[in-house]
Amino acid sequence: MAERIMDYRILSNRRLADQVFEMKLEGDSRWIVNPGQFLNVAIDNAYLRRPISICDWDEQGLTLIYKTVGFGTGQMSQRQPGEMLNCLVGLGNGFTPQRVAAQRVVLAGGGVGVPPLYGLAKTCLRLGKQPEVVLGFASARDVFYVSEFEALGVKVHLCTDDGSAGMKGFVSDGMMAGDLCDLPYFACGPLPMLKAVFNVSHAEGQLSFEERMGCGFGACMGCSCRTLTGYKRICREGPVLDSGEVLWTKD
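Residues numbered from 1 in each chain as written. Predicted model: local features only at pLDDT ≥ 70, side-chain atom pairs only at ≥ 80, totals over all residues. Heavy atoms only, no water.

Visitor: Give a description of the sheet that holds strand E10 (residues 167-168) that names residues and reports values.
Guide: Judged by pairing direction, the sheet is mixed, and its seven strands sit side by side in the order E10-E9-E8-E7-E11-E12-E15 without closing on themselves. On the outer flanks of this sheet lie E10 and strand E15 (240-242), each paired with one strand and no other. The strands that helix H2 (residues 115-126) touches are strand E7 (104-110), strand E8 (130-137) and strand E11 (185-189); relative to E7, the one it contacts most, it runs at about 170°. Set on the sheet, helix H5 (residues 191-200) makes contact with E7, E11 and strand E12 (205-209); between it and E11 the angle comes to about 160°. (Pairing = 2+ DSSP bridges. Helix = DSSP H or I, 4+ residues; strand = E, 2+ residues; numbered from the N terminus. Contact = heavy atoms within 4.5 Å. Axes fitted to C-alpha atoms, helices over the stretch in contact; angles between N-to-C directions.)

Listed below in structure tokens is the structure:
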């Protein structure tokens, strides 16, 4: 589905954790067809839009979760209910759990890679699958959405780097501790996490890459990933790629 510019009304914009905010928007969500897609948010006094993954959506609107890391997301955190947010939507190829035959699957997310897994979990449940979720954060102050996943009825394995919440370790450690490495997986997070998940898993997976994007719709080639069939643009052919097609660089 082609991308287009849409205006959304902000319903709420609340802090979830250290530097992490949840924004609920009212507006047309028909352009979202798979979990793991993203949109590009217009920022005042900035030339480039900011790519934000979509956490969840329904007929009335959608939910974004973002971390304040600079000028653009800092500005987003100051936006108030009732204001309008201009977005370029219909971007990215998301997760496709319907392509996976197995009933039990793993959803693995680290930090701001967690949000798209929430919509993915709901999609998996609608398909009759049984997802288990492994969530990784730096520390307890960074943890969010654990109760929301649990409210869906899915099992959550929580990991923190310093052990201040859940088990001490990374997402890959949580997969090994939960005996989940033989199950098909869907993962979203920073590149080292994705590579670690790929290395410990014995199954096929779908990986959602976090890359710095320029245009966000495939024109600038600034977010390319090397694959078996050549370079693919994370914003256009991704952000989700099959685990078997990625050519990893050496450490």
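Visitor: Before we move on, could you go through the sheet that holds strand E5 (residues 61-67) and cite the residues and values that matter?
Guide: What the six strands build is a closed barrel, ordered E1-E2-E5-E4-E3-E6; its pairing is antiparallel. Here the strands of the sheet are splayed against their neighbours by 45° on average, with no regard to which way each runs. Pairing between strand E1 (residues 4-17) and strand E2 (residues 20-26): seven bridges, direction antiparallel. If you follow alanine 17 over to E2, its bridge partner there is valine 20. Helix-sheet contacts for H2 involve strand E4 (50-57) and E5, and the interaxial angle to E4 is about 30°.

Visitor: Which residues make up the pattern of salt bridges, and what values go with them?
Guide: According to the stated counting rule, one finds eight salt bridges in the structure shown. Across the pair arginine 9 and glutamate 26 runs a salt bridge whose closest N-O atoms are separated by 4.0 Å. Taken together, the residues span a long stretch of sequence, with arginine 9 in strand E1 and glutamate 26 in strand E2 at a distance of 17 residues. A relative accessible area of 39% places glutamate 26 in the partly exposed class. Its salt-bridge partner being aspartate 18, residue arginine 141 comes within 3.5 Å of it at the nearest N-O pair. With a gap of 123 residues between them, arginine 141 in the loop between E8 and helix H3 (146-151) and aspartate 18 in the loop between E1 and E2 connect regions that are remote in the sequence. According to the relative accessible area criterion, arginine 141 is exposed, its value standing at 58%. (Salt bridge = Lys/Arg side-chain N within 4 Å of Asp/Glu carboxyl O. Buried < 20%, exposed > 50% of the residue type's maximum accessible area, 1.4 Å probe, protein only.)

Visitor: Would you mind going over unusual backbone geometry in detail, with residue names and values included?
Guide: Look at tyrosine 145: it is not a glycine, yet its phi comes out positive at around 65°. Mapping tyrosine 145 onto the fold places it in the loop between E8 and H3. Overall, tyrosine 145 belongs to the buried group, its relative accessible area being 7%. Even without being a glycine, aspartate 179 presents a positive backbone phi close to 55°. Counting through the fold element by element, aspartate 179 comes out in the loop between helix H4 (171-177) and E11.

Visitor: Which residues make up H2, and what values go with them?
Guide: Most of H2 sits inside the fold, with nine of its twelve residues counted as buried. All buried positions along H2 are accounted for by Pro115, Pro116, Leu117, Tyr118, Gly119, Leu120, Ala121, Thr123 and Cys124. Where H2 is buried, its residues meet E4, E5, E7, E8, H3 and E11. Positioned one or two residues after H2, glycine 128 has a phi angle of 85°, which is positive.

Visitor: Tell me about H5, and please be specific about residues and values.
Guide: Think of an α-helix as turning once every 3.6 residues; residues three or four places apart then point the same way. What H5 keeps buried is the set Met193, Leu194, Lys195, Val197 and Val200. Looking at the buried residues of H5, the elements they touch are E7, H4, E11 and E12.

Visitor: Residues and numbers for the environment of glycine 166, please.
Guide: With respect to the secondary-structure elements, glycine 166 resides in the loop between strand E9 (155-160) and E10. Taking the C-alpha atoms as reference points, glycine 166 and phenylalanine 137, 29 residues apart in sequence, are found 9.7 Å from one another.

Visitor: Give me the lowdown on the packing of aromatic side chains, citing residues and values where you can.
Guide: Summed over the entire model, instances satisfying the criterion amount to six aromatic pairs. Considering the side-chain rings of phenylalanine 144 and tyrosine 145, the 6.3 Å spacing of their centres and the 70° angle between planes classify their relative orientation as edge-to-face. Residues phenylalanine 144 and tyrosine 145 agree in their burial class; the two are buried. Ring-pair connections join several aromatic residues into one group, and the members of that group are Tyr118, Phe137, Phe144, Tyr145 and Phe149. (Phe/Tyr/Trp six-rings, centres within 6.5 Å; stacked < 30°, edge-to-face > 60°.)

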